[in-house]
Amino acid sequence: MVIRKLTGTNQQFTIGKIVCLARNYAEHARELGNETPAAPVLFMKPASSVIGDGDTVRIPDYSQECHYEVELAVLIGLQACKVAEDRALEHVAGYGVAIDMTLRDVQNQLKAKGLPWEIAKGFDTSCPLSDFVPAGQVPDSQNLKLTLSVNGEMRQDGCTSDMIHNVTRIVSHISGIFTLEPGDVILTGTPAGVGQVRGGDVMEAGIESVGRITIPVQ
Ligand code: MG
């Protein structure tokens, strides 16, 4: 079981499914040569992919190109099934920092063949994830600076205001397909600046008002 705390409270959650958005920032969709989608593009990572602050990402031997993607993580606190947009945020318990580790070479090969991406996205250690800050302590989840540096050098420097689909719409949309349960997490997509890490690198990901994680790569 993977547990995450809601900081400053005595609440903790067992992490369930992790539903992720692809191409939710236009600049990032462009840098990978993808079209900007009308509806959110969704995939999942298993809870077994989660690691914590200070834990190590281990690049699988079937990949030569592992990328980082810093993302705002949304923790679900109440069951959400077919929730309207105006009730969506009532189901959000908190916000955290995640890195959606992606085997870009493997993903590109699978995409070209029309095959699912799981082995490029859901491998062990592919989801570094912080604890969560209560939603009430985050003044505006759509105006948070998010950054990722590798070995102290800034690589991603974005803002959640640039999301194509905002958290409200994302929670409502996903809840119409997959019932969201307490402990489920949504990764809301990454801004531009994604790139490769190699063994020996150290990533530092941070989101304003939310938190920061330091993750070495092996
Ligand atoms: Mg991503």
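A brief look at the structure comes next. As the structure is a prediction and not an experimental result, all values here were calculated from the model.

Here we take up the overall build of the protein chain. Across its full length, the protein chain carries five helices and 17 strands. For the protein chain, whose C-alpha radius of gyration is 16 Å, the value lies close to the compact-globule estimate of 17 Å for 218 residues. Counting only C-alpha atoms and orienting by the principal axes, one finds that the protein chain spans roughly 40 × 35 × 30 Å. Across the protein chain, every contact between residues at least 6 apart in sequence was considered, and the portion connecting residues at least 24 apart equals 76%. For the protein chain, the distance from the average site of its 18 positive side-chain charges to the average site of its 26 negative ones is 3 Å.

Residues apart from glycine generally show negative phi values, whereas peptide bonds are mostly found in trans. With a phi angle near 55 degrees, Arg-23 is a residue other than glycine that sits in the positive phi range. Tracing the chain through its elements places Arg-23 in the loop between strand E3 (18-22) and helix H1 (26-31). Despite not being glycine, Thr-125 shows a phi value in the positive range, around 75 degrees. Relative to the helices and strands, Thr-125 is located in the loop between helix H4 (118-121) and strand E10 (127-128). The exposure class of Thr-125 is buried, given its relative accessible area of 11%.

Distances from the magnesium ion to its protein donors, namely Glu-69 (OE), Glu-71 (OE) and Asp-100 (OD), fall within the range 2.0 to 2.1 Å. Spacing between the donor residues of the magnesium ion along the chain follows E-x1-E-x28-D. The exposure class of Glu-69 is buried, given its relative accessible area of 3%.

Conventions used here
Residues numbered from 1 in each chain as written. Predicted model: local features only at pLDDT ≥ 70, side-chain atom pairs only at ≥ 80, totals over all residues. Heavy atoms only, no water. Helix = DSSP H or I, 4+ residues; strand = E, 2+ residues; numbered from the N terminus. Rg over C-alpha atoms; globule rule 2.2 N^0.38 Å. Contact = heavy atoms within 4.5 Å. Lys, Arg positive; Asp, Glu negative; His and termini not counted. Charge placed at Lys NZ, Arg CZ, Asp CG, Glu CD. Buried < 20%, exposed > 50% of the residue type's maximum accessible area, 1.4 Å probe, protein only. Donors = N, O, S within 2.8 Å, 3.2 Å for Na, K, Ca; no water.

These values are about where atoms sit, not about what they do.
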